[in-house]
Amino acid sequence: MTPVLRPRAVFTPTLIAAAVAGLVCASALPRAFAQSAWTSAPPYADMARADWFNAANWSAGVPGAGTAVTVNLVPGTVVGIVSGPASAASVDASNGTLMVVEGAGRLDTGLFNLGSSDGRDVQTLLRIGSGGIVNAARFVSQGGGGTENTVSLSGAGSALNVAGELQIGRSGTGMMQLDEGARVSAGTLQIGQAGTADGHVLVIGETPVDALVAERIVLATPGSTLEISRAGTAPLVLGAAISGPGRFEVSSPVTLTGDNTQSGDIVLGSTLRVGDGANAGSITGNLSGFGRVVFDRGPGRVAYDGAIGGSIAIDKENAGTLALGGAHDTDGRTRVLGLSLIHI
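Everything numeric in this text was worked out from a predicted model, so none of it was measured.

1. Examining the overall build of the protein
- Helix and strand counts for the protein stand at zero helices and 29 strands.
- Expressed as a percentage of its 344 residues, the buried residues of the protein come to 53%.
- In the form shown here, the protein has an accessible surface area of approximately 12700 Å², with 56% of it arising from carbon and sulfur atoms.

So, in structure tokens, the structure goes:
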């Protein structure tokens, strides 16, 4: 079981063991961008020495929208955006950096690269909390050796918005955790990198029902996991098309309204609703664990060919036919509601 990281709301210069050299370093960017590197090393006697908006902390002054930013000084480096909006053409944070975007803090950037691509056993962390917001065109969290570079979001209004691809785990394991009112949106959320790295995305606490919004979610490796374990009874609604060989863990209610081709295991510890009464929503992976799967599709025939094991109750709601084509070894009950049929 992957340990749950619970981010702290207090901005303290916490020592985090390191990761070096990101996916795209500042020197590789077009010369049209100005370059500015973080120069303020720990320990931090006061918050000014960890403040993004302090020109003395940068090699070329406070970055702007046309500046490529590099933060890879030494392990334990802390960069805080807590008092207003910041911008950069790109951000490359690695080598044990802790970046904090909290409160009134906001960061707008192109590529945000978190962590190392050189395989060293080190960690870098981005913490978004207490209403902080990061907007990026693309976001990549790379691992280093056996550690997890981590993105943690906590608090109402806290958000990570990525217009294109949000990738958690590239050259090494990556993790992203949403907690207590935080939200993430992306064009594509890719968890892991085929052949090289696993990823883990965990949604817990009092997160809203639309906490995770994407057009596509790709579980790129068998070891990659999307885990939903929220508080409360209202279901998290996922409209994304989920694909790939990774694992989907449902420990609190979830409603799927996308047409999904994910081939990895779906492990239930709660209720998974497939569809919302309309004509969309499907699953293909094998079901195991304990809980309930509810097929809630409109009129017509719906097929599920995956295997069902463990202790899972099967419900069919609304009109139409559910055709079960896989092997079933479950001690849960089967219930038909409305003008429905189940063919086994």
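2. So, the packing of aromatic side chains
- One pass over the full model with this rule turns up four aromatic pairs.
- Judged by centre distance (4.9 Å) and plane angle (25°), the ring pair of F112 and F139 falls under stacked. Remark: F139 occurs in strand 9 (residues 133–141) and F112 occurs in strand 7 (residues 106–114); sequence separation between them is 27 residues.
- Linked through ring pairs, W38, W52 and W58 together constitute an aromatic cluster.

3. Here's the deal with the pattern of salt bridges
- Scanning all chains against the criterion turns up nine salt bridges.
- Between R106 and D108 there is a salt bridge, and its shortest N-O distance comes to 3.2 Å.
- Look at R106 and you get partly exposed, because its relative accessible area is 36%.
- With a closest N to O distance of 3.0 Å, D315 and R292 form a salt bridge. Note that D315 is positioned in strand 25 (residues 308–317) and R292 in strand 23 (residues 287–296), a separation of 23 residues in sequence.
- A residue is classified by how much of its surface remains accessible, and D315, at 1% relative accessible area, is buried.
- A relative accessible area of 22% places R292 in the partly exposed class.
- Overlapping salt bridges, with partners in common, bring together R273, D296 and E317 in one network.

4. Remarks on the pairing of strand 13 (residues 183–191)
- Of all nine residues in strand 13, seven are buried, a share of seventy percent or more.
- As judged from the eight bridges shared by strand 11 (residues 159–168) and strand 13, these two strands associate in the parallel manner. Pairing of L160 across the sheet is with V184, part of strand 13.

5. So, unusual backbone geometry
- Along the chain, P42 connects to P43 via a cis peptide bond; the corresponding omega equals 0°.
- Within the fold, P43 resides in the loop between strand 1 (34–37) and strand 2 (67–71).
- Positive phi, normally seen in glycine, also occurs at E180, with a value near 50°.
- Its place among the elements puts E180 in the loop between strand 12 (174–179) and strand 13.

6. Structural notes on the side chain of D296
- Structurally, D296 is set in strand 23.
- Residue classification places D296 among the buried positions, given a relative accessible area of 7%.
- For D296, the side chain forms a polar contact with the side chain of N318, separated by 2.4 Å.
- Setting aside anything within four residues of it in sequence, one finds D296 in contact with R273, V274, G275, D276, G277, A278, E317 and N318.

Parameters and conventions
- Residues numbered from 1 in each chain as written.
- Predicted model: local features only at pLDDT ≥ 70, side-chain atom pairs only at ≥ 80, totals over all residues.
- Heavy atoms only, no water.
- Helix = DSSP H or I, 4+ residues; strand = E, 2+ residues; numbered from the N terminus.
- Buried < 20%, exposed > 50% of the residue type's maximum accessible area, 1.4 Å probe, protein only.
- Areas by Shrake-Rupley, 256 points an atom, 1.4 Å probe, with all protein chains shown as cover.
- Phe/Tyr/Trp six-rings, centres within 6.5 Å; stacked < 30°, edge-to-face > 60°.
- Salt bridge = Lys/Arg side-chain N within 4 Å of Asp/Glu carboxyl O.
- Pairing = 2+ DSSP bridges.
- Polar contact = N/O pair within 3.5 Å; in protein donor to acceptor, adjacent residues only side chain to side chain.
- Contact = heavy atoms within 4.5 Å.

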